[in-house]
Amino acid sequence: MLSRADFIFTIGYDGPVAVVDKKAKQRYSALSTKELAEKGLFRAAYSSAVWSKDPEELKTVIETYNKATGIPVSQTAPLERLFGVFPVEVKRSIAL
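Structural notes, computed from the coordinates. (Residues numbered from 1 in each chain as written. Predicted model: local features only at pLDDT ≥ 70, side-chain atom pairs only at ≥ 80, totals over all residues. Heavy atoms only, no water.)

Comments concerning the side chain of aspartate 6
Inclusion rule: In this description a helix means any DSSP run of H or I spanning at least four residues, a strand means any run of E spanning at least two, and both kinds are numbered starting from the N terminus. With a 1.4 Å probe rolled over the protein chains alone, any residue whose accessible area is under 20% of its type maximum counts as buried; one over 50% counts as exposed, and the rest are partly exposed. Working rule for contacts: check all heavy atoms of both residues, and any pair within 4.5 Å makes them a contact.
Here aspartate 6 shows up in helix H1 (residues 4-8). Aspartate 6 sits in the buried class, given a relative accessible area of 10%. Setting aside residues up to four positions removed in sequence, aspartate 6 forms contacts with Val20, Lys25 and Ser93.

And the structure:
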């Protein structure tokens, strides 16, 4: 299973390997889900909430997204499609 930081900053997959944004991971991996959302890093915040499996974190991301964009989203399905984030069983990652 990928670490939280690797999952949050995965930008794609090369077969069974997650490709991770190395610079973003180094810069933002210490931030909480809420802090990522407040900085406008919505994809990373949503990924963090998905990784944690905590409904409160998902709620926080949705509320912050709605406030920042003015686009009302009430559930995670639109964000799942918008950000392309799904739980995936990958055991390895490479950082670029």
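Notes on helix H5 (residues 55-69)
The test is simple: Under the convention used throughout, the expected extent of a helix is 1.5 Å for every residue step, that is, one less than its residue count. Contacts described as polar in this section are N or O atom pairs within 3.5 Å, which, within protein, must combine one atom able to donate a hydrogen with one able to accept it, while residues neighboring in sequence count only if both atoms come from side chains.
When the terminal C-alpha atoms of H5 are compared, their 21 Å separation across 15 residues agrees well with the 21 Å that a helix rising 1.5 Å per residue should span. Residues of H5 that are buried: Val61, Ile62, Thr64 and Tyr65. Turning to H5, the residues buried within the fold contact helix H3 (33-38), helix H4 (42-52) and helix H6 (77-83). Taking the backbone nitrogen of glutamate 56 as reference, a side-chain oxygen 2.9 Å away marks aspartate 54 as the first, capping residue of H5. Glycine 70 sits one or two residues past H5 and shows a positive phi near 75 degrees.

Regarding a nonpolar patch on the surface
We count it as follows: Only residues above 30% relative accessible area that lack a salt bridge enter a patch, with like-charged residues linked at up to 9 Å and the nonpolar side chains Val, Leu, Ile, Met, Phe, Trp and Tyr linked at up to 5 Å. Areas reported as accessible are Shrake-Rupley estimates using a 1.4 Å probe. Residue values count occlusion only from the protein chains shown. By definition, a salt bridge exists where a carboxyl oxygen of Asp or Glu is found within 4 Å of a side-chain nitrogen of Lys or Arg.
Nonpolar side chains collect at one region of the surface, where Tyr13, Phe86 and Val88 lie side by side and expose about 270 Å² of accessible area between them. Relative to the elements of secondary structure, phenylalanine 86 occurs in the loop between H6 and strand E3 (92-95). On the basis of relative accessible area, phenylalanine 86 is assigned to the partly exposed category, the value being 39%.

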